[in-house]
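Now for the letters of each chain:
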Amino acid sequence: MPTIAFITGITGQDGSYLAEFLLGQGYEVHGLIRWCSTSPTQRLDHLLQDAGGGRLTLHCGDLADAARLGALLAEVQPDEVYHLGAQSHVRVSFDLPAYTGDITGLGTVRLLEAVRRSGVRCRFYQASSSEMFGSAPAPQNEATPFWPRSPYAAAKLYSYWMVRNYREAHGLFVCNGIMYNHESPRRGETFVTRKISRGVAKILKGEATQLVLGNLEARRDWGYAPEYVEGMWRLLQQGEPQDLVFGTGETHSVRDFVEEAFGYANLDWRQFVRVDPSYFRPTEVEHLRADSTQARRFLGWEATVTFPQLVRLMVDADLRAADLEAPGEGLRALGNRVRWLRNPLS
Ligand code: NAP
Ligand code: F7E
């Protein structure tokens, strides 16, 4: 019998990579999708075309709907639950604080309750975030005190503690993966890295003359998303549940990302990038850098794709998507490090 996984957020960046990875491992994969009047499965279409060999099934539902989550858990009877669904945009969470609390915070509790009440014996991964560290000095690790700086971070922190409480109070096998920013050609278009890589392509294509950004000084620990979904899986294969930090250990500013991306395309970024303070956040997270010693120790997990390789891969992908010639250095540098990934550029 194949191992059965249930993924919330399967239509998102991480969910789509995780589904591909697990199908490659021989899993039967079930995913929660929200009903939508347009197709939400863009990132999954390559898997749905061959239906993952009949092992990929999508179920309509919503993290706001506890009854549906309970029914699905009972129906699917998963061995592993990967809870990736969330209102995941930090800037948006300042405009939608209550909604973010409901979906990103309470949504986790609805799913934990569905697991507990169904009696299904499964392992549970919670997509916790480096945003929970907020203003805590870098580098951050599992012992660093949290200091959330946005409604999103506060909602994730609530989920983090509820996961720990379900482990301690009810004995569930539940784990927090505290992941730092991870990016890819599938990254949502309004996150800064993808906004920059698409911006470069639009400028080269003649469709835009400038790229408008917010705070260029914020520093993030940016890694490559497919490597991180492998980390999620490894965390659930352990003998005991635990909470671990996943990141590259390197930090770069948004300005560094801009310079690298424009430089790769032989453009002088100063001619094209404009800063608009309306993109600034009411409270910013200035500096994130992971200390992933424990993930290396317990899981043998390590991020291997470097910052320039990541930037180049994303620019390559957006140039190709715009029908422009791409230098291809990002793709060449990746080699076959992520063997299960069918097409790193889409
Ligand atoms: P993403 O691309 O924004 O995907 C979010 C997913 O959640 C989408 O599938 C979305 O569905 C789904 N979703 C949103 N609201 C929902 C609702 N009410 N009911 C059911 N599903 C809902 O996020 P990601 O980058 O893949 O990240 C995956 C998870 O890791 C998120 O929880 C995020 O907060 C967390 N995280 C991400 C990073 C990172 O750097 N990427 C780092 C740390 C933690 P639609 O497609 O219908 O919108
Ligand atoms: O911002 C700055 C912005 O929105 C990164 C989510 O996946 O990672 C992500 O959250 C930085 C911030 O990601 C623009 O102020 C400048 O300092 O790409 P971002 P994020 O907020 O770090 C964490 C780990 C998650 O958990 C989240 O789910 O870039 N920035 N100019 C900008 N940001 C955006 N979005 N757009 C700009 O124009």
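Model, not experiment: these values are computed from the prediction. (Residues numbered from 1 in each chain as written. Chains lettered and ligands numbered in written order. Predicted model: local features only at pLDDT ≥ 70, side-chain atom pairs only at ≥ 80, totals over all residues. Heavy atoms only, no water.)

A. Examining the packing of helix H4 (residues 66-76) against helix H6 (residues 97-118) more closely. Axis separation between H4 and H6 bottoms out at 9 Å; the angle between their running directions is 45°. In terms of axis orientation, H4 runs oblique to H6. Considering only the axes of H4 and H6, their crossing is right-handed. Along the contact surface, H4 presents Ala66, Leu69, Gly70 and Leu73, while H6 presents Arg110, Leu111, Ala114, Val115 and Ser118. A breakdown of the residues in the contact of H4 with H6 according to their chemical character gives 6 nonpolar, 2 polar and 1 charged. (Axes fitted to C-alpha atoms, helices over the stretch in contact; angles between N-to-C directions. Helix = DSSP H or I, 4+ residues; strand = E, 2+ residues; numbered from the N terminus. Parallel < 35°, antiparallel > 145°, perpendicular 65-115°, else oblique. Left-handed = near helix turned anticlockwise from the far one by under 90°. Contact = heavy atoms within 4.5 Å. Nonpolar A, V, L, I, M, F, W, Y, C, P; charged D, E, K, R; others polar.)

B. Region of interest: the site of ligand 1. Near ligand 1, the surroundings consist of 24 residues, among which Thr11, Arg34, Ser88, Tyr152 and Lys156 are the closest. Arg187 places a polar side-chain atom, nitrogen or oxygen, 3.3 Å from a nitrogen atom of ligand 1. Burial of ligand 1 by the protein chains amounts to 88% of its free accessible area of 900 Å². Examining the composition of the shell around ligand 1, we find that 3 residues originate from one element, strand S5 (residues 123-129), more than from any other. Classifying every residue of the shell around ligand 1 by side-chain character gives 9 nonpolar, 10 polar and 5 charged. (Near = heavy atom within 4 Å. Polar contact = N/O pair within 3.5 Å; in protein donor to acceptor, adjacent residues only side chain to side chain. Areas by Shrake-Rupley, 256 points an atom, 1.4 Å probe, with all protein chains shown as cover.)

C. Spatial organisation of the environment of Arg55. With respect to the helices and strands, the residue Arg55 is situated in the loop between helix H3 (51-54) and strand S3 (56-60). With 247 residues separating them in the primary sequence, Arg55 and Glu302 have C-alpha atoms 29 Å apart. Looking at Arg55, its side chain comes within polar contact range of the main-chain oxygen of Leu23, at 3.1 Å. At a separation of 2.7 Å, a polar atom in the side chain of Arg55 contacts the main-chain carbonyl oxygen of Tyr27.

D. Highlighting the site of ligand 2. Close contacts around ligand 2 come from 22 residues, with Ser88, Ser129, Tyr152, Arg281 and Glu284 the closest. Separating an oxygen atom of ligand 2 from a backbone N or O atom of Val192 is a distance of 2.8 Å. Tallied by class, residues from the shell around ligand 2 come to 8 nonpolar, 8 polar and 6 charged. Counting contributing residues, the shell around ligand 2 receives three or more from each of domain 1 (4-182 + 223-246) and domain 2 (187-220 + 250-287 + 305-334). (Domains from an automatic or database assignment.)

E. Inspection of the packing of helix H10 (residues 254-264) against helix H12 (residues 307-321) at higher detail. Here H10 crosses H12 at 55°, and the two axes come no closer than 9 Å. Here H10 lies oblique to H12, going by the angle between them. Relative to H12, the crossing made by H10 is right-handed. Taking contact as the criterion, the partners of Asp256, Phe257, Glu260, Ala261 and Tyr264 in H10 are, on H12, Phe307, Pro308, Val311, Arg312, Met314, Val315 and Asp316. Here the contact of H10 with H12 is built from residues that sort into 8 nonpolar, no polar and 4 charged.

F. A look at the sheet that holds strand S4 (residues 80-83). Taken together, the 7 strands give an open sheet; going across it, the order is S3-S2-S1-S4-S5-S6-S11, and neighbouring strands pair in parallel fashion. At either end of the open sheet lies a strand with only one pairing partner, and these are S3 and strand S11 (244-246). Strand-to-strand twist of the sheet, defined as the mean angle between neighbouring strand axes without regard to direction, takes the value 20°. In terms of strand pairing, strand S1 (residues 4-8) meets strand S2 (residues 28-33) through 5 bridges, oriented parallel. If you follow Phe6 over to S2, its bridge partner there is His30. Packed onto the sheet, helix H9 (residues 225-236) meets S4, S5, strand S6 (173-179) and S11 and runs at close to 155° relative to S6. (Pairing = 2+ DSSP bridges.)

G. Representation of helix H7 (residues 151-170). Given a rise of 1.5 Å per residue, 20 residues ought to cover 28 Å, and the 28 Å separating the end C-alpha atoms of H7 matches this to within 8%. Looking at the buried positions of H7, the neighbouring elements they touch are helix H5 (90-95), H6, S5 and S6. (Expected span 1.5 Å × (residues − 1).)

H. Local environment of the domain arrangement of the protein. According to the domain assignment, the protein contains domain 1 (4-182 + 223-246) and domain 2 (187-220 + 250-287 + 305-334). Relative to domain 2, the C-alpha centre of domain 1 lies at a distance of 27 Å. Contact between domain 1 and domain 2 buries roughly 1600 Å² in total, counting both sides, with carbon and sulfur atoms accounting for 51%. Connecting domain 1 to domain 2 are 1 salt bridge. Among the ionic pairs, Glu131 bridges to Arg220, the shortest N-O distance being 3.6 Å. Here domain 1 and domain 2 share 5 residue pairs in polar contact (both at pLDDT 80 or more) between them. Breaking the side of domain 1 that touches domain 2 down by element, the ones donating at least two residues are H5 and strand S10 (223-224). If you tally residues by element for the side of domain 1 that touches domain 2, the top one is H5, at 3 residues. (Buried area = accessible area lost by both parts, 1.4 Å probe. Salt bridge = Lys/Arg side-chain N within 4 Å of Asp/Glu carboxyl O.)

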